[in-house]
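# Close look at the chain arrangement
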Amino acid sequence: MQFNARYPSLNPKLYHEQMPVPLKGAKAGHFNEALADELQWSAEDKASWVEICSGQKTFPEFHPLAMVYAGHQFGQWAGQLGDGRGLLIAQILDQNGQTIDLHLKGAGSTPYSRMGDGRAVLHSVIREYLAGHALNALDVPSSNSVGFTTSEQGVQREKLELGAMMLRTSDCHIRLGHFEWINQYQPSLLQEFTQKCIEWHYPECLEAEQPILAFATKVIQKTAVMIAKWQLVGFAHGVMNTDNLNITGSTLDFGPYGFMERFRPNWINNHSDYNGRYTYQNQPSMAHWNLWNWLNNLIPLAKPEEKEKFKQDLAQCLEHFEPTFLEHYTHGLCAKLGLPSFHKDSFDCGMAFLRILQTEQLDYTSSFLRLQNKEYEAMKDDCLDRRQFEAFLTQYEMIRENQDIGTLDATMFEANPIYILRNHMAQKAIELAERNDFSEVERLFSLLSQPFTRQTDLEKPEDLAPLPSDVPEVMVSCSS
Ligand code: AMP
Ligand code: MG
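## Remarks on the overall build of the protein
- A tally of helices and strands in the protein yields 18 helices and 12 strands.
- A compact globule built from 480 residues would reach a C-alpha radius of gyration of about 23 Å, and the protein, at 23 Å, matches this within 12%.
- Expressed as a percentage of the 480 residues in the protein, the buried residues total 59%.
- Looking at the protein alone, contacts between residues at least 24 apart form 70% of all its contacts between residues at least 6 apart.
- Looking at the protein as shown, the accessible area adds up to about 19,800 Å², and 50% of this sits on carbon and sulfur atoms.

## Examining helix 11 (residues 346-360)
- Under the 1.5 Å per step criterion, the end-to-end length of helix 11 is 21 Å for 15 residues, consistent within 8% with the ideal 21 Å.
- Within helix 11, the full set of buried residues consists of Ser346, Cys349, Gly350, Ala352, Phe353, Leu354, Ile356, Leu357 and Glu360.
- At its buried positions, helix 11 is contacted by helix 10 (321-337), helix 12 (364-372), helix 13 (376-381) and helix 14 (386-400).

## Regarding the domain arrangement of the protein
- Examined at the domain level, the protein breaks down into domain 1 (7-176) and domain 2 (328-415).
- Computed from C-alpha atoms alone, the centre-to-centre distance between domain 1 and domain 2 is 40 Å.

## Structural notes on the coordination of the magnesium ion (ligand 2)
- Protein ligation of the magnesium ion (ligand 2) involves Asn244 (OD1) and Asp253 (OD), the donor distances falling in the range 1.9 to 2.1 Å. Just as Asn244 is buried, Asp253 falls in that class too.

## Description of the site of ligand 1
- Taken together, 17 residues sit near ligand 1, with Gly82, Gly84, Asp117, Gly118 and Asn244 positioned nearest.
- Between ligand 1 and the protein, one listed contact pairs a nitrogen atom with a side-chain N or O atom of Arg157 at 3.3 Å.
- The protein chains hide 81% of the 480 Å² of surface that ligand 1 would expose on its own.
- Counted by class, the shell around ligand 1 contains 2 nonpolar, 7 polar and 8 charged residues.

## Considering the nonpolar core
- By size, the foremost hydrophobic cluster in this structure holds 146 residues, and its most contacted members are Tyr7, Trp41, Phe259 and Trp294.
- Here the element with the most residues in this core is helix 7 (residues 211-233); it accounts for 14 residues.
- Counting the residues that make up this core, at least three belong to each of domain 1 (7-176) and domain 2 (328-415).
- Ignoring sequence-local partners within four residues, the contact set of Phe259 consists of Ala131, Ala134, Leu135, Leu138, Val233, Gly234, Phe235, Trp267, Ile420 and Leu421.

## Looking at the pattern of salt bridges
- Taken as a whole and judged by the stated rule, the model has 28 salt bridges.
- With a shortest N-O distance of 2.9 Å, Arg443 and Asp463 are connected by a salt bridge. Of this pair, Arg443 sits in helix 17 (residues 439-449) while Asp463 sits in helix 18 (residues 461-464), and the two are 20 residues apart along the sequence.
- Its relative accessible area of 10% is what places Arg443 among the buried residues.
- A relative accessible area of 1% places Asp463 in the buried class.
- Through salt bridges with shared partners, one network takes in Lys105, Glu128, Arg168, Arg175 and Asp253.

Quick notes on the rules
Residues numbered from 1 in each chain as written. Chains lettered and ligands numbered in written order. Predicted model: local features only at pLDDT ≥ 70, side-chain atom pairs only at ≥ 80, totals over all residues. Heavy atoms only, no water. Helix = DSSP H or I, 4+ residues; strand = E, 2+ residues; numbered from the N terminus. Rg over C-alpha atoms; globule rule 2.2 N^0.38 Å. Buried < 20%, exposed > 50% of the residue type's maximum accessible area, 1.4 Å probe, protein only. Contact = heavy atoms within 4.5 Å. Areas by Shrake-Rupley, 256 points an atom, 1.4 Å probe, with all protein chains shown as cover. Expected span 1.5 Å × (residues − 1). Domains from an automatic or database assignment. Donors = N, O, S within 2.8 Å, 3.2 Å for Na, K, Ca; no water. Near = heavy atom within 4 Å. Polar contact = N/O pair within 3.5 Å; in protein donor to acceptor, adjacent residues only side chain to side chain. Nonpolar A, V, L, I, M, F, W, Y, C, P; charged D, E, K, R; others polar. Core = buried A, V, L, I, M, F, W, Y, C linked by side-chain atoms within 4.5 Å. Salt bridge = Lys/Arg side-chain N within 4 Å of Asp/Glu carboxyl O.

Structural data, given as structure tokens:
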């Protein structure tokens, strides 16, 4: 590994150094060797992956640390939070020279654990491990994981579960909530911290006339692109709080999440989201809310006499959110449908298709595949309102008339995954893993590595099967 320990150069008030506390009887879960290669792990590093991913081995080049941050949770100020059960154990360079954080989740309690035990349990580690891998393969910016380990140590949740650890990778663990913590508790650190964020993550903004505004615009745009990509693959984050969004727009801190099966825009995947704040359809506006809240934390960076003008400038930065989101979403939706994004009616036609999925309660992922495979008659036969489908099809075919169909069809194959991580798939893998059988984790890991390619040797019929109409969507418990 090639180390680049840069977070420890920040003011020590921003973190607490401590070593991981291993679990009893730690043993291998799963290892992502391809990712380890990208991260330039040596043969020796790879040979000791179980020790590294279980906190038994750390590195002299980096003193593990827990970061402090704060956040708004479900719209309410939650005060100080922080790495309550995870430690940044290294920052290393990947094969492209990019700095990547290695963050060990479940490594024991820290000063920021509040009432928690500092541990993670096997079922949630597997959910995060597979989802991060799936999103990366779907080209959605996201944290990933080099590997996870299980143990013989019981950890109490709603029931007694197995303790586990996961070595998460991300281009950034600096959350919107870092800025909230600094403003609330150590405002004198804001200037230097912001400067470092720009240097590390958006160095091109240093050349801008107003680097802070350029930085804010970039964060807004990256977040908007991430959310558009989530929506296109049907992913919904269950806890989009300001402490769970980072400044590089890559998915972080899964907890409850879901890949949508039946298309239902007001679907809630988190059992604890009583008011439906983070429904699938609310995710863009909740990201906007989080960013608006974050921008307020940049206001103190302005000189007193320029504050009013700076506030207006920040508000203008936020105006980039909606067009960036819409551009990416529209482009992606058109690709999924095989429609030209420049055609004035394509977006309307896409919305008509989604309305059919909604009223007929059809499966999101497989409906796009059926359209791609031109199963028009069969799709119509499955609709209660056949006229609605016919009207859509007429418009659809009219738009595609005289277009380069070969190219449009090819974009569909690149935009429509065959495999997503359906809840029951993760659940099956978890149940076996809890009995020490990781074969299903391995199968899903391989399958989800190439979600756009048919893998008949690996797939099971239920990987593709829509939820039966009498089975409700699962809400995932926050307990992790
Ligand atoms: P989350 O919503 O999962 O991102 O967690 C919110 C906060 O609670 C973060 O600061 C976590 O580090 C902390 N946390 C969650 N679970 C635990 C746990 N079992 N022990 C200590 N801290 C935890
Ligand atoms: Mg979190």
